[in-house]
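Structural features, examined
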Amino acid sequence: MPRPLRPILAAAAACLLSASACGPGDAEAVRLGVAVPAATTGGRSVQRGVTLAVEEFNAAGGLEGRKVELEVRDDGGESDRAIAIAAELRDDPRVAAVIGHVNSTTTLAAAAIYNDPDNGVLEISPTASSPRLSEAGPWTFRVSPTDLAYGPAIARWLTGRGVKRAAVLYLNDEYGRPLAESFATAFQEGGGTVLARDPFLPETLEDDEALRVYLARAMRRGMEALVIGGTAEDARRIVPAARRAGHRGIIIGADGLLGMEEFGASVDGTYVGAAFFADARSEEAARFVRLYRERWGELPNADGALAYDAARVVLRALAQGGTGRKQVRDYVAGIGTATPAFEGATA
């Protein structure tokens, strides 16, 4: 069943793609902005998913012969940079729409820029999941489920495996806070006990002693499972620290942990909840996995799949609704009602 798109916002941001998707430029080309933190696993996956969709679209003829080109910007996962990039893309009349950001915090920071009442531009975030994004403005949309879905899903999974006592370490930002809150509420409603709920900032994880204190307290209270409300980069430090502290139980997180397999044996055994896995059985999912693997030499994760679907939504809007900014926005806003429902790799 097609999943409806839900309004939210992000930003955009040095051209990092191959010439086929971001070449020297055709005067007739239609441009899409893309905003990613390029050095992260999530940023690379999103960039690859969008690139694949645009290359496929152009190979099929594009917009009656006109190519679609990508203006990719690196926001570095920083709000100030995201805001500057959003303004740059908004003020470029050649940009018909924006696909990005990856993170909820940067997405929210750039929201006011994209929702400029006099110069709005559609932005569709593949991966940002903060519930606050739903109210970011009429020019913004999301593909990913919100943290209000991820947290309870993790709670149900743990409860179903007999886990009664869990601790939460969460990133103190627009992603980690609602994820921790929605998990704790659902877990307690299911009869579980949240032994500790501790926020952290990335710099906190550089202090092994501070992390050891959090984990030791949870262990003394009988922690059976550790829930990480953060990113893959955060988990790279937290998981080994938890194992050193003696935790042999479950460690689990949501979509923020996607890509952590790059960190090797130190994070083995960690569970990740996500909107898509490469063994998904639908025909469209199988087709996407095959194309992604042929193009990039690896299996896609949910970030790549959500980005592929987000790009295809925008490309269909360009082809069927028109290339003007308001035409694109109105087409996307009407999907499933005024315009046909969309069913993609992650639907």
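Residues numbered from 1 in each chain as written. Predicted model: local features only at pLDDT ≥ 70, side-chain atom pairs only at ≥ 80, totals over all residues. Heavy atoms only, no water.

1. Topic: the packing of aromatic side chains
Where we set the bar: Any Phe, Tyr or Trp ring, taking Trp's six-membered ring, that has another such ring centre within 6.5 Å forms a pair; planes under 30 degrees apart are called stacked, those over 60 apart edge-to-face, and the others tilted. For a lysine, the NZ atom is tested; for an arginine, the CZ atom; a charge sits over a ring if that atom is within 6 Å of the ring centre and within 35 degrees of the ring normal.
According to the stated counting rule, one finds five aromatic pairs in the structure shown. Grouping aromatic residues by their ring pairs yields a cluster made of Phe 276, Phe 288, Tyr 292 and Tyr 308. The ring centre of Phe 263 lies 4.6 Å from the NZ or CZ of Arg 236, which sits over that ring. In this structure, Arg 295 is placed above the aromatic ring of Trp 296, and the distance from its NZ or CZ to the ring centre is 4.1 Å.

2. A word on empty space enclosed by the protein
Put simply, the rule is: Points on a 1 Å grid over protein atoms alone make up a cavity when a 1.4 Å probe fits among them but cannot get out, and a pocket when they form an open set with protein on both sides within 12 Å along at least five of seven lines; lining residues each have an atom within 4 Å of a point. Grid points are joined across faces, edges and corners, and a volume is the space filled by probe spheres set on the points. Numbering goes from the N terminus for both helices and strands, where a helix is a DSSP run of H or I of at least four residues and a strand is a run of E of at least two. We call Asp, Glu, Lys and Arg charged. Ala, Val, Leu, Ile, Met, Phe, Trp, Tyr, Cys and Pro are nonpolar, and the rest, Gly among them, are polar.
As a volume, the largest cavity reaches approximately 40 Å³. Broken down by secondary-structure element, the contributors of at least two residues to the lining of the largest cavity are β6 (165–171), β7 (193–200) and α7 (208–220). Its residues placed into classes, the lining of the largest cavity shows eight nonpolar, no polar and one charged.

3. Some thoughts on the pattern of salt bridges
Opposite charge on two side chains allows them to pair when their charged atoms are near. Under the convention used in this document: Whenever a carboxyl oxygen of Asp or Glu lies within 4 Å of a side-chain nitrogen of Lys or Arg, that contact is scored as a salt bridge. To sort residues, take the accessible area from a 1.4 Å probe on protein chains only and compare it with the maximum for the residue type: under 20% means buried, over 50% means exposed, and anything in between is partly exposed.
Summed over the entire model, instances satisfying the criterion amount to 22 salt bridges. The closest approach of N and O atoms between Arg 177 and Glu 174, which form a salt bridge, is 3.7 Å. A relative accessible area of 35% places Arg 177 in the partly exposed class. Its salt-bridge partner being Glu 181, residue Arg 197 comes within 2.6 Å of it at the nearest N-O pair.

4. A short note on unusual backbone geometry
In this model, Gly 100 is joined to His 101 through a cis peptide bond whose omega is -20°. When you line up the elements, His 101 lands in the loop between β3 (95–99) and α4 (104–114). Phi is positive for Glu 64, close to 55°, though the residue is something other than glycine. With respect to the helices and strands, the residue Glu 64 is situated in the loop between α2 (41–59) and β2 (68–74).

5. Comments concerning the pairing of β3
Under the convention used in this document: Two strands qualify as a pair provided that DSSP identifies no fewer than 2 bridges between them. Orient the strands so they point away from the viewer; a crossover is then right-handed if the path from the first strand over the helix to the second runs clockwise.
Burial within β3 is extensive, with five of its five residues counted as buried. Bridge analysis of strand β1 (residues 30–36) against β3 gives four bridges, and the strand direction is parallel. Across the sheet, Val 34 pairs through a bridge with Ile 99, a residue of β3. Pairing geometry for β3 and strand β4 (residues 123–125), over two bridges, is parallel. In the strand pairing of β4, Ile 99 is matched with Ile 124. Assessed by its sense of winding, the connection that carries the chain from β3 through α4 to β4 is right-handed.

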